[in-house]
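Commentary on secondary and tertiary structure
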Amino acid sequence: MSHKESASYRRIVNRYKQALAHHSLIADGDRILIGLSGGKDSLCMTELLAGTMHIHRPQIRVEALHVRMDNIEYESDSSYLRDFCESRGVIYHEEHTRFDAETDTRKTPCFLCSWYRRKLLFNFAQAHGMNKIALGHHQDDILHTALLNLFYQGQFTSIRPKMKMDRMPLEIIRPMCMVYERDISEYAVEAGYEPQRVLCPHEHESERSNIRRVFEELETDNEEVRHSMWRALKREWEKSPEDR
């Protein structure tokens, strides 16, 4: 059986299609830049968007950008990512940047790393005429962020499936916002994705790692937690015209 005939892949595709339809994430003529980290999530998203690009409607153009931090070690080179993209008809780009956590102590290293990556993504997208940036956040990421905001900021909000930038002509979309992480993990093994490990010394020190453990315990005790949280977030998003 082909890995694209597996149960995990069918679940991923079904939820991906639901996300596109429910949140109007893609339109005819879109020029989409994938933020390709090299992890299983962004590889899966690349595969899904590449498949959408090759159908008749909507007609979209998809390219991928991999941002490498020069001061962070990687376990694999980028040739695999280039081959992965180009074999699926997706143009691959690579850019380099860096940050210095010792001189900029206002924010955590995790924040700085993310900020510099996003800055490069935004600048690259505008310079190359892209109107949307696709990020590989799945449903678990969004629910974990909601718990982070609740516990540490006192508000029940999270990253949205779609967000229009205020100061630049770009939209952020998350096509896998309804996909479960466990399905992606299962499919990554079936499809033989090569792990792209970033050897970050702060990888296991973040509040997000703690929240992940909390969410796993909650879901073990009550499998409806995921669905309840998602419904609550949808009600929050619907209060604002931003996501309609």
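Before going into details, it helps to say that this report is about the structure given with it. Given the structure is predicted, the values throughout are model-derived calculations rather than measurements.

1. Concerning the sheet that holds strand 7 (residues 171–173)
The strand order across the open sheet formed by six strands is 4-2-1-5-7-6, and the pairing between neighbours is mixed. Of all strands in the sheet, those with a lone pairing partner are strand 4 (91–97) and strand 6 (162–164), marking the two edges. Strand-to-strand twist across the sheet, computed as the mean angle between neighbouring axes with direction ignored, equals 25 degrees. The pairing of strand 2 (residues 61–69) with strand 4 spans seven bridges and is parallel. Counted as the bridge partner of Ala 64 is Tyr 92 from strand 4. Contacting strand 1 (31–35), strand 2, strand 4, strand 5 (132–134) and strand 7, helix 4 (residues 109–127) runs over the sheet at an angle of about 145 degrees to strand 2.

2. Focus on the layout of surface pockets
In this structure, the second largest pocket spans a volume of roughly 250 Å³. Along the wall of the second largest pocket there are 14 residues; nearest its centre are Tyr 16, Lys 17, Leu 48, Gly 51 and Thr 52. At the level of secondary structure, the elements contributing two or more residues to the lining of the second largest pocket comprise helix 1 (7–23) and helix 2 (40–53). Looking at the lining of the second largest pocket, its residues break down into eight nonpolar, two polar and four charged.

3. Overview of unusual backbone geometry
Cis rather than trans, the peptide bond between Arg 57 and Pro 58 has omega equal to -5 degrees. Position of Pro 58 among the secondary structure elements: in the loop between helix 2 and strand 2. A positive phi is found at Ser 24, a non-glycine position, where the angle reads about 50 degrees. Summarising the element assignment, Ser 24 is placed in the loop between helix 1 and strand 1. Taking relative accessible area as the criterion, Ser 24 reaches 45% and is therefore assigned partly exposed.

4. Observations regarding the pattern of salt bridges
Within the structure shown, the criterion is met by 14 salt bridges. When the shortest N-O distance is used, the salt bridge between Asp 41 and Lys 40 registers 3.3 Å. Two residues, Glu 171 and Lys 132, come together in a salt bridge whose shortest N-O distance is 3.8 Å. Of this pair, Glu 171 sits in strand 7 while Lys 132 sits in strand 5, and the two are 39 residues apart along the sequence. For the pair formed by Glu 171 and Lys 132, the shared burial category is buried. Taken together, the salt bridges that share partners define one network made up of Lys 40, Asp 41, Glu 181 and Arg 212.

Definitions and cut-offs
Residues numbered from 1 in each chain as written. Predicted model: local features only at pLDDT ≥ 70, side-chain atom pairs only at ≥ 80, totals over all residues. Heavy atoms only, no water. Pairing = 2+ DSSP bridges. Helix = DSSP H or I, 4+ residues; strand = E, 2+ residues; numbered from the N terminus. Axes fitted to C-alpha atoms, helices over the stretch in contact; angles between N-to-C directions. Contact = heavy atoms within 4.5 Å. 1 Å grid on protein atoms, 1.4 Å probe; cavity = no way out; pocket = protein on both sides within 12 Å on 5 of 7 lines; lining within 4 Å. Points joined across faces, edges and corners; volume = space filled by probe spheres on them. Nonpolar A, V, L, I, M, F, W, Y, C, P; charged D, E, K, R; others polar. Buried < 20%, exposed > 50% of the residue type's maximum accessible area, 1.4 Å probe, protein only. Salt bridge = Lys/Arg side-chain N within 4 Å of Asp/Glu carboxyl O.

All we've got here are geometric facts, nothing functional implied.
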